[in-house]
Amino acid sequence: MKEYTVAIVGATGLVGKEVLNILQDRKFPVKRMIPLATEESVGTIVEFGEEPLIVQRIEEDVFEAVDFAVFAATIEASEEFAPAAVRAGAIVVDNSAHFRMKSDVPLVIPEINGQQVWEHKGIIANPNCSTIQLLMALYPLDRAFGVEKVVVSTYQSVSGTGKHALQELAEQSISLLSMKEPKCEVYPKRIGFNLLPHIGDFDQNGYSEEERKLRLETRKIMNRDDIRISPTCVRVPVFNCHSQSLNITLKSSATRKQVHDALSEFPGVEVWDALSLDGERKEHDEESELYPVPSECTDRDEVFVGRIRLDDTASSGVCFWSVMDNLRKGAALNAVQILELLT
Ligand SMILES: NC(=O)c1ccc[n+]([C@@H]2O[C@H](COP(=O)([O-])OP(=O)(O)OC[C@H]3O[C@@H](n4cnc5c(N)ncnc54)[C@H](OP(=O)(O)O)[C@@H]3O)[C@@H](O)[C@H]2O)c1
């Protein structure tokens, strides 16, 4: 079997470390692994399975003989170094937002538009974590019944902002429980015991950057400019796993069982629902799967869906709840699945 040289840009970050774990868990055929980060991390050790690896500083010439470069750093690092990686002959899978909306860069969720990886010109973009979570549930319903409109509210964990945000939530929680004034460095307002309806800058219409990404990336991946999306994105004081509440208007009406089946038959989606399909409440011993919650979905690969209800205020509407580990399917796992398609 062919083996590959892989570079991870941002190997000391939350997504980069998860990429290393997942490549190892899924036995990706690695000949050589090159972990890269900033000057500050040079010499630190990251684990690749049992193997400790020494982190190197990213520079233009580190990509010689690299087959795949996974970027999990910043927009600026992707802008500066991804072209150098491509010039050196590597295929780049980029987790940042920098290339996502460029017309010559495929934006790929393998279960949905995996065949587009072959249209790459050196760079393939990984969608935003909330877009992946939304589309993993929306796409099977669009295929089965047609989706006209979706109203989505997100409840996004702090790991979505990176390693400094995890620390900020922990420190603010300790300060607040000790009756001390918390320090706010990562977010514009306190996140500890709070909710921030503010993810990225607001535009002149009042939408945040995260809300714009959800709309634009969905249209690109589904190749549908007519799909109507009304998003509200909220950062919540949860360490890991994003949640979403969805209200979807379908083109043709569906029963609760049909919605349940369309979702549960889609690869990468798992339905945990309190009601059995004939509407009976499930037995007590299935309590853990009554509905998904962040604490039970962390370190899991699937997008979990629960609380499926027909919307009784609309003729063909459905509501449900979903939870996904944003570091795995929302970032690292999706990137590794893209690499697997390329091998
Ligand atoms: N977190 C998520 O759920 C998620 C989901 C989807 C997409 N993403 C995207 O994935 C990327 C990484 O996110 P994260 O959450 O892992 O962030 P993070 O925990 O803050 O880690 C950032 C990583 O990037 C490195 N880095 C920063 N600037 C760099 C530069 N100029 N050159 C090389 N390396 C640099 C850091 O190195 P040092 O340790 O040396 O500073 C660190 O390894 C971001 O673009 C983010 O938007 C994240």
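Residues numbered from 1 in each chain as written. Predicted model: local features only at pLDDT ≥ 70, side-chain atom pairs only at ≥ 80, totals over all residues. Heavy atoms only, no water.

Moving on: the domain arrangement of the protein. According to the domain assignment, the protein contains domain 1 (4–127 + 331–342), domain 2 (131–157 + 195–326) and domain 3 (163–193). With centres defined by C-alpha atoms, the gap from domain 1 to domain 2 works out at 28 Å. Taking both sides of the interface into account, the surface hidden between domain 1 and domain 2 amounts to around 1400 Å²; carbon and sulfur atoms contribute 68%. For the domain 1 face of the interface with domain 2, the top three residues by lost area are Met101, Glu111 and Ile112, together amounting to 39%. Counting across the interface, domain 1 meets domain 2 through 1 salt bridge. A salt bridge links Glu217 to Arg100, with the shortest nitrogen-to-oxygen separation between them at 3.2 Å. For the side of domain 1 that touches domain 2, the elements supplying multiple residues, two or more each, are α3 (110–113) and α9 (328–342). Of the residues contributing to the side of domain 1 that touches domain 2, the split by class is 9 nonpolar, 2 polar and 4 charged. (Domains from an automatic or database assignment. Buried area = accessible area lost by both parts, 1.4 Å probe. Salt bridge = Lys/Arg side-chain N within 4 Å of Asp/Glu carboxyl O. Helix = DSSP H or I, 4+ residues; strand = E, 2+ residues; numbered from the N terminus. Nonpolar A, V, L, I, M, F, W, Y, C, P; charged D, E, K, R; others polar.)

Glancing now at the nonpolar core. Counting residues in hydrophobic clusters, the biggest one holds 58 residues, and the most contacted among them are Phe63, Phe71, Leu141, Ile248, Leu263 and Phe320. Among the elements that line this core, the one with the most residues is helix α4 (residues 129–145), at 10 residues. When residues of this core are sorted by domain, at least three fall in each of domain 1 (4–127 + 331–342) and domain 2 (131–157 + 195–326). Residues contacting Leu263, with those up to four places away along its chain left out, are Ala137, Pro140, Leu141, Val269, Val271, Val305, Ile308 and Phe320. The next biggest cluster of nonpolar side chains, apart from the first, holds 34 residues, and it includes Val30, Phe48, Ala332 and Ala335. (Core = buried A, V, L, I, M, F, W, Y, C linked by side-chain atoms within 4.5 Å. Buried < 20%, exposed > 50% of the residue type's maximum accessible area, 1.4 Å probe, protein only. Contact = heavy atoms within 4.5 Å.)

Take the packing of helix α1 (residues 14–25) against α9 next. At their nearest, the axes of α1 and α9 sit 9 Å apart, and the two run at 50° to each other. Judged on the interaxial angle alone, α9 and α1 are oblique. Our pair here, α1 against α9, has a crossing hand that is right-handed. Counted together, Val15, Glu18, Val19, Ile22, Leu23 and Asp25 of α1 and Arg328, Ala331, Ala332, Leu333, Val336 and Leu339 of α9 form the full contact between these two elements. Looking at side-chain class alone, the contact of α1 with α9 contains 9 nonpolar, no polar and 3 charged residues. (Axes fitted to C-alpha atoms, helices over the stretch in contact; angles between N-to-C directions. Parallel < 35°, antiparallel > 145°, perpendicular 65-115°, else oblique. Left-handed = near helix turned anticlockwise from the far one by under 90°.)

Taken together, 25 residues form the shell around the ligand, and within it Thr12, Val15, Thr38, Ser41 and Lys163 come nearest. Within the contact set of the ligand, an oxygen atom lies 2.9 Å away from a backbone nitrogen or oxygen of Ala73. Note that a nitrogen atom of the ligand is positioned 2.9 Å from one of the backbone N or O atoms of Ser159. When the free accessible area of the ligand is taken as 910 Å², the share hidden by the protein chains comes to 82%. Judged by the proximity of its atoms to the pocket grid, the ligand belongs to the largest pocket. At the level of secondary structure, the elements contributing two or more residues to the shell around the ligand comprise α1 and α9. (Near = heavy atom within 4 Å. Polar contact = N/O pair within 3.5 Å; in protein donor to acceptor, adjacent residues only side chain to side chain. Areas by Shrake-Rupley, 256 points an atom, 1.4 Å probe, with all protein chains shown as cover. 1 Å grid on protein atoms, 1.4 Å probe; cavity = no way out; pocket = protein on both sides within 12 Å on 5 of 7 lines; lining within 4 Å. Sits in = over half its atoms within 2 Å of the grid points.)

Its 17 residues give α4 an end-to-end C-alpha distance of 25 Å, which sits within 8% of 24 Å, the value for a rise of 1.5 Å per residue. Of all the bends in α4, the largest measures some 30° and sits at Leu135. Of all 17 residues that make up α4, 15 are buried, and the element is covered over most of its length. At the N-terminal boundary of α4, the capping side chain belongs to Asn128, with an oxygen 2.9 Å from the backbone nitrogen of Ser130. Gly146 sits one or two residues past α4 and shows a positive phi near 80°. (Expected span 1.5 Å × (residues − 1). Bend = angle between axes of the 7 residues up to and from the residue.)

Taken as a whole, the largest pocket encloses approximately 1300 Å³ of empty space. Lining the largest pocket are 44 residues, and of these Ala73, Thr74, Gly160, Thr161 and Gly162 lie nearest its centre. For the lining of the largest pocket, the secondary structure elements donating two or more residues are α1, α2 (75–87), α5 (163–177), α6 (209–222) and α9. A class-by-class count of the residues in the lining of the largest pocket yields 18 nonpolar, 19 polar and 7 charged. Approximately 210 Å³ is the volume found for the second largest pocket. (Points joined across faces, edges and corners; volume = space filled by probe spheres on them.)

Turning our eyes to something else, we now look at the environment of Ile191. Its location among the elements puts Ile191 in the loop between α5 and α6. Here Ile191 falls in the buried class, since its relative accessible area comes to 0%. When near neighbours in sequence (up to four residues on either side) are disregarded, Ile191 contacts Val158, Leu169, Gln172, Leu196, Arg235, Val236 and Pro237.

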